[in-house]
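# Chain and residue survey
For reference, the chains in residue letters:
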Amino acid sequence: MKIDSCLFSPFALRNLTLENRLVVSPMCQYSADDGCASSWHTIHIGSMLSSGAGLFVIEATAVERRGRITPQCLGLWSDENAAALKSVLAAVRQYSAVPVGVQLSHAGRKASTHRPFIGKGPLKHSEGAWPVMGPSAIPFAEGWPVPQSMSLEDMRVVIDAYVSATKRADEIGIDLIELHAAHGYLLSAFLSPLANDRRDAYGGSLENRMRFPLEVFDAVRGAWPEGKPMGVRCNGTDWHPDGIQVEDAVAFARALRDRGCDYIDVSSGGNCYAKVPVGPSYQVPFAEQIRKQSGLSTMAVGMITEPCQAEEILSTGKADLIGIGRAMLNNPHWPWRAAETLGGQVGVPWQYYRAATRNGVPPPYVVN
Ligand SMILES: Cc1cc2nc3c(=O)[nH]c(=O)nc-3n(C[C@H](O)[C@H](O)[C@H](O)COP(=O)(O)O)c2cc1C
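As a starting point, this report considers the structure included with it. (Residues numbered from 1 in each chain as written. Predicted model: local features only at pLDDT ≥ 70, side-chain atom pairs only at ≥ 80, totals over all residues. Heavy atoms only, no water.)

### Digging into the packing of helix α6 (residues 246–258) against helix α7 (residues 284–294)
At a minimum axis distance of 9 Å, the contact between α6 and α7 shows a crossing angle of 45°. Compared by their axis directions, α6 and α7 come out oblique. Regarding α6 and α7, the two cross each other, and that crossing is right-handed. Note on element contacts: α7 touches α6 through F286, Q289, I290, Q293 and S294, opposite V246, E247, A249, V250, A253, R254 and R257. (Axes fitted to C-alpha atoms, helices over the stretch in contact; angles between N-to-C directions. Helix = DSSP H or I, 4+ residues; strand = E, 2+ residues; numbered from the N terminus. Parallel < 35°, antiparallel > 145°, perpendicular 65-115°, else oblique. Left-handed = near helix turned anticlockwise from the far one by under 90°. Contact = heavy atoms within 4.5 Å.)

Written out as structure tokens, the structure reads:
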């Protein structure tokens, strides 16, 4: 069948070819036990892998225990963490060949917090709070812990943790790594003048603020097999006049491109409390500008909820990939509907086959 839809056209990232441009955006599930994946992950990842999306990216996964956002966040800092995730992947991969990425993360000064909807803000000492660290001793906001300003030795330890997590990800068969350098977590904090007022080679100019995130990128890329792709999620803006601006993100993307980054996933915010003009496609202009001015492939994300909206973003050259978050949780078969609307084909488990051929649309192919 001839497919005209951009959304349902394949996309190559090194040795990995995605069946379509739909990516399940990383979403914390707050369901891990000391960083180990639980049965919920089997349910969640299983559901997302049978959704028809071309790529699933596992939630922010801490490279160090102290780098978790919440006590319930997933990790890859230990062999136990890797074994738990490996067994989840073994279960879900019996039924799906969709590639699986992982978002490697360190929460920095925004670690040690409550799960959303369960509590608010940072944990108290009595709730098991742990010390946090960041580029500078600047708290995220009033009432948040003052982070320890990282020494060069602290930075080396964190880089080693990224490398160990990368090797574990490879050993358990992960297909792609995305570095989390957005939303005010550690790498994002280094990039942002709102969180970084260092006077050494890691603060001040943009070149200096990019140094640590780029060192992490180089170390991870060096430990990750040549044929496997690697991307970075960054902020297109901090939504603050003194924070990261899109021009900074363009410069970061250029530096990443020169180092062999395969795509940049463009999000925003999280380095401060800010008024964000949330609305349909509100972050897409940043993805577009970064793509045009850096030449790096971009993933657009944020309030992309309609198939034609996604198609327009791709067909007008604003991005190469579409990240979908909440709409996938709301309807885990969102890609089926998109395929119906746009005339594409998606993978469907044979068990669900009879439900996937509504409206006289040609039957999608069967995964298993
Ligand atoms: C429950 C939930 C958890 C999230 N966890 C992460 C995460 O682990 N890493 C990340 O970069 N973004 C995370 N996000 C942000 C999403 O990946 C996405 O960028 C955001 O929800 C905007 O896309 P959407 O409008 O399609 O939901 C999370 C969002 C939600 C709703």
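### Description of the packing of helix α5 (residues 206–223) against α6
In the contact formed by α5 and α6, the axes pass within 11 Å of each other and the chain directions differ by 40°. Here α5 is positioned oblique relative to α6, judged by the angle of their axes. Between α5 and α6 the crossing geometry is right-handed. Where α5 abuts α6, its residues L206, M210, P213, L214 and F217 lie against D248, A251, F252, A255 and L256. Of the residues in the contact of α5 with α6, the class split is nine nonpolar, no polar and one charged. (Nonpolar A, V, L, I, M, F, W, Y, C, P; charged D, E, K, R; others polar.)

### Here's the deal with the nonpolar core
Core analysis: the largest hydrophobic core is formed by 89 residues, its most contacted members being L179, F212 and F252. Among the nonpolar cores identified, the runner-up in size contains eleven residues, and L13, V23, L55 and Y263 belong to it. (Core = buried A, V, L, I, M, F, W, Y, C linked by side-chain atoms within 4.5 Å. Buried < 20%, exposed > 50% of the residue type's maximum accessible area, 1.4 Å probe, protein only.)

### Quick look at helix α10 (residues 334–342)
An α-helix turns once every 3.6 residues. As a result, residues three or four positions apart point the same way. Every buried residue belonging to α10 is among W334, P335, W336, A338, A339 and E340, and all of these are buried. Contacts from the buried residues of α10 go to β3 (22–24), α8 (307–315), β12 (321–324) and α9 (326–330).

### A closer look at helix α3 (residues 152–171)
Compared with an ideal rise of 1.5 Å per residue, which puts 20 residues at 28 Å, α3 spans 29 Å between its outermost C-alpha atoms and is within 8% of the ideal. For α3, the complete set of buried residues consists of D154, M155, V158, I159, A161, Y162, V163, A165, T166, R168 and A169. (Expected span 1.5 Å × (residues − 1).)

### Concerning the site of the ligand
Around the ligand there are 16 residues in total, and S25, P26, Q103, M303 and R326 lie nearest to it. Note that an oxygen atom of the ligand is positioned 3.0 Å from one of the backbone N or O atoms of A60. At 2.9 Å, a side-chain N or O of R233 approaches an oxygen atom of the ligand. Its free accessible area being 600 Å², the ligand has 82% of it covered by the protein chains. Split by residue class, the shell around the ligand holds seven nonpolar, six polar and three charged. (Near = heavy atom within 4 Å. Polar contact = N/O pair within 3.5 Å; in protein donor to acceptor, adjacent residues only side chain to side chain. Areas by Shrake-Rupley, 256 points an atom, 1.4 Å probe, with all protein chains shown as cover.)

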